[in-house]
Amino acid sequence: MALDVVITGTISVCGRDASILFDPGFMYSYVSYLFAHFLDIPRESLVTPVNVSTPMGDSLVVDRIYQSCVVTFCGYETRADLLLLDMINFEVILGMDWLSPYHAILYCHAKTVTLAMLEFSRLEWKGSSVSSSSRVISFLKA
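Thresholds applied
- Residues numbered from 1 in each chain as written.
- Predicted model: local features only at pLDDT ≥ 70, side-chain atom pairs only at ≥ 80, totals over all residues.
- Heavy atoms only, no water.
- Helix = DSSP H or I, 4+ residues; strand = E, 2+ residues; numbered from the N terminus.
- Contact = heavy atoms within 4.5 Å.
- Areas by Shrake-Rupley, 256 points an atom, 1.4 Å probe, with all protein chains shown as cover.
- Buried < 20%, exposed > 50% of the residue type's maximum accessible area, 1.4 Å probe, protein only.
- Polar contact = N/O pair within 3.5 Å; in protein donor to acceptor, adjacent residues only side chain to side chain.
- Pairing = 2+ DSSP bridges.
- Core = buried A, V, L, I, M, F, W, Y, C linked by side-chain atoms within 4.5 Å.
- Axes fitted to C-alpha atoms, helices over the stretch in contact; angles between N-to-C directions.

**Section: the overall build of the protein chain**
Each helix and strand counted, the protein chain has two helices and 10 strands in total. Listing each helix as α and each strand as β along the protein chain from the N terminus yields β-β-β-α-β-β-β-β-α-β-β-β. Taking as baseline every contact in the protein chain between residues at least 6 positions apart, the subset at least 24 positions apart corresponds to 57%. When the accessible surface of the protein chain is totalled, it reaches about 7,800 Å², and 51% of it is carbon and sulfur.

Following this line, the structure appears as structure tokens:
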């Protein structure tokens, strides 16, 4: 997966800068084990574990969650439930469970994410620009 087709960058999660991947291909949002150590909220068990497929075709079972984490987007506080996942290239992945309720519009070519909620004016965030020679090989650790 080339980085020119993904939107990445840094956003504050629970008051700490996190490397983020916005990914509409994921139903849920995730936090890495490493970044989870900095979260000052309790980790809870999922009632029903979630099976996650890795880019390498493996399957992982996720059974822990950090609920209602503050994700600061352009100065606006949003909330995300983050499932604990062993991954290496990103600290947080924001999936459809975060993108959809905030009416997110992803524009991969411009590397922007826009929140188009009716009660607020549009909030637009610009992701990181990377050289076309850089590539994401895998963001999950199997």
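**Observations concerning the side chain of S29**
Here S29 is to be found in strand β3 (residues 29-32). Among the residues examined, S29 registers a relative accessible area of 0% and is labelled buried. Side chain to side chain, S29 and D97 meet in a polar contact 2.7 Å long. Setting aside residues no more than four positions away along its own chain, S29 makes contact with D81, L82, L83, I93, L94, G95, D97 and W98.

**Focus: the pairing of strand β8 (residues 104-107)**
The two faces of a sheet get side chains in turn, since along a regular strand they alternate between them. Across four bridges, the pairing between β8 and strand β9 (residues 112-115) is antiparallel. Bridge pairing in β9 places A104 opposite L115.

**Brief notes about the nonpolar core**
One finds F22, V31, F73, V92, L94 and W98 to be the most contacted residues of the largest nonpolar core, which totals 27 residues. Residue contributions to this core peak at four residues, all from strand β5 (residues 59-73). W98 has contacts with F22, S29, V71, F73, T78, R79, A80 and L115, leaving out every residue within four places of it along the chain. F26, L46, L60 and F90 belong to the second-largest nonpolar core, a separate cluster that totals 15 residues.

**Section: the environment of A18**
Mapping A18 onto the fold places it in strand β2 (residues 16-22). Residues A18 and F35, spaced 17 residues apart in sequence, show a C-alpha to C-alpha distance of 7.7 Å. A18 has contacts with G9, T10, I11, V13, F35, E91 and V92, leaving out every residue within four places of it along the chain.

**Description of the pairing of β3**
In β3, alternate side chains face the same way, and those of S29 and V31 on one face and Y30 and S32 on the other are all buried. Relative to strand β6 (residues 76-85), β3 runs parallel, the two being bridged by four bridges. Bridge pairing links V31 to L84 in β6.

**Considerations on the sheet that holds β8**
In a beta sheet, neighbouring strands are held together by backbone hydrogen bonds and run either parallel or antiparallel to one another. Taking strand neighbours across the sheet as the criterion, the three strands line up as β8-β9-β10 in an open arrangement whose pairing is antiparallel. Every interior strand has two partners, whereas the edge strands, β8 and β10 (123-126), have only one. Adjacent strand axes in the sheet meet at a mean angle of 15° when their direction is disregarded. Both β9 and β10 contribute to a ladder of four bridges, which runs antiparallel. Looking at β10, one finds that T114 is bridged to E124.

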